[in-house]
Amino acid sequence: MKEQKILKVENIKLINSVIADLEAICNFEKDYVVIKLHGFFQTDDRIAIQEITRQLFLEEETANRTFGSFSENLNFLLDSLKVADRKTTKSIIFIIDEFDQFCQHKNQTLLYNLFDVCQSAQAPMAVIGLTCRMDAISLFEKRVRSRFSHRQIYLLVKPDFQKYSETFVSLLRLQQSRELKAIYVRSWNKSVEDLAQDPLVQGSLKKVFNLNPKLRLLQNILLVALSRLGESHPFLSSKDIVTAIESQTTDCKTLQLQGLSVLELQLLLCMKYLDKIYFGEPCNYEMAFYEYTKQMKNSSMQKFDRQIAMKAMEHLETLEFIRPVEGISSSKVQKEFVVYHILITSEQLTAAIAKYPNLPTEVKQLADTCL
């Protein structure tokens, strides 16, 4: 599963569904006690034991007791669980969210003891761990792994663009509150729903979804879009969303291309043109420079000599825009005849040229010819 938040929701849905089924077939509150822990809130075993004590209503029992150490506190809790009669007492269900965080606790003492009580059947108890990590079991210490039942359920949710679009709306939707006027909340929510139906926004969201369906990226995009709001611009527009998407999904190579000199950009365009007409075959400096001189023959732009163009070519190799063909030793070949593969796509070059500041018109015409 690519998106952790979706997986967490599915985990919770599954647990709630099972509990609802239990409530339908038995007196759940009379027969069961559910203890819920969370790895982000119970950050160590001591805090976790305090939370378990609170949820088991053992606070009165511990109020008059003084525990000299963590182990005494743990032993008291374990003894309270073990003395229970399996036939007459309530069953205890531990639901541990962000289960992998508990594996980071010192010596994994709490997990070991809970698993030990379950395995030895000393009390009617079950431990359910929820995590987004596929390798959570590998985090167990050897003694903890020996007590684990190795029963696992994997929930793999296929990314769905319809749900992705619904999430887009739900993330932007406002709830009624005292701080916000009701009329603004209604107007905002209506504008969000209209925005989600905008063909331009739909197309842009589709591209983002195909690139990376993780909700974290969508949240970052919406955060950038919302930062553009103000008194004179109280509602989001399709332009805000598209601009935010462009700012968050710009390829790093495209940004690097915008920092090249005009000569380096021309050489790349020439190499891309040779790559196209020779169906992906590699080319060398001499071929690229010859194509460059052809393009500059009737040009009013400054023409650079071989040495400067060679330095530009070496810089392109340093930036990893081009790569020597493997299996050919460059030490045995003059550098003018070392053959290169170009590592830049036509789309990246097109995007960089569109945003290149003050690019000469003749280079844009060269781009139209080469790409």
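Anyway, here's the lowdown on the structure attached to this text.

So, how was this worked out
- Residues numbered from 1 in each chain as written.
- Predicted model: local features only at pLDDT ≥ 70, side-chain atom pairs only at ≥ 80, totals over all residues.
- Heavy atoms only, no water.
- Patch = residues over 30% accessible without salt bridge, like charges linked within 9 Å, V, L, I, M, F, W, Y side chains within 5 Å.
- Areas by Shrake-Rupley, 256 points an atom, 1.4 Å probe, with all protein chains shown as cover.
- Salt bridge = Lys/Arg side-chain N within 4 Å of Asp/Glu carboxyl O.
- Helix = DSSP H or I, 4+ residues; strand = E, 2+ residues; numbered from the N terminus.
- Buried < 20%, exposed > 50% of the residue type's maximum accessible area, 1.4 Å probe, protein only.
- Polar contact = N/O pair within 3.5 Å; in protein donor to acceptor, adjacent residues only side chain to side chain.
- Phe/Tyr/Trp six-rings, centres within 6.5 Å; stacked < 30°, edge-to-face > 60°.

Notes on a nonpolar patch on the surface
Now for step 1: The grouping of Leu14, Val18 and Ile153 at the surface amounts to a nonpolar patch, some 280 Å² of accessible area in total.
Now for step 2: Looking at the secondary structure, you find Ile153 in the loop between α8 (142-147) and α9 (161-172).

Quick notes on helix α3 (residues 45-55)
An α-helix turns once per 3.6 residues; consequently, residues spaced three or four apart project the same way.
Now for step 1: Burial in α3 covers these residues: Asp45, Ala48, Ile49, Glu51, Ile52, Thr53 and Gln55.
Now for step 2: Of the residues flanking the start of α3, the one acting as N-cap is Asp44, its side-chain oxygen 3.1 Å from the backbone nitrogen of Arg46.
Now for step 3: One or two residues past the end of α3 sits Phe57, with phi positive at roughly 60°.

Here we look at the packing of aromatic side chains
Now for step 1: In this structure the tally under the stated criterion is 13 aromatic pairs.
Now for step 2: Where Phe140 meets Phe148, the ring centres are 5.4 Å apart and the plane angle is 70°; that geometry is what we call edge-to-face. Here Phe140 matches Phe148 in class, with each residue buried.
Now for step 3: Ring centres 5.6 Å apart and planes at 65° place the aromatic pair Phe161 and Phe209 in the edge-to-face group. One end of the pair, Phe161, is in helix α9; the other, Phe209, is in helix α11 (residues 199-211), and 48 residues separate them in sequence. By the burial criterion, Phe161 is buried, and Phe209 matches it.

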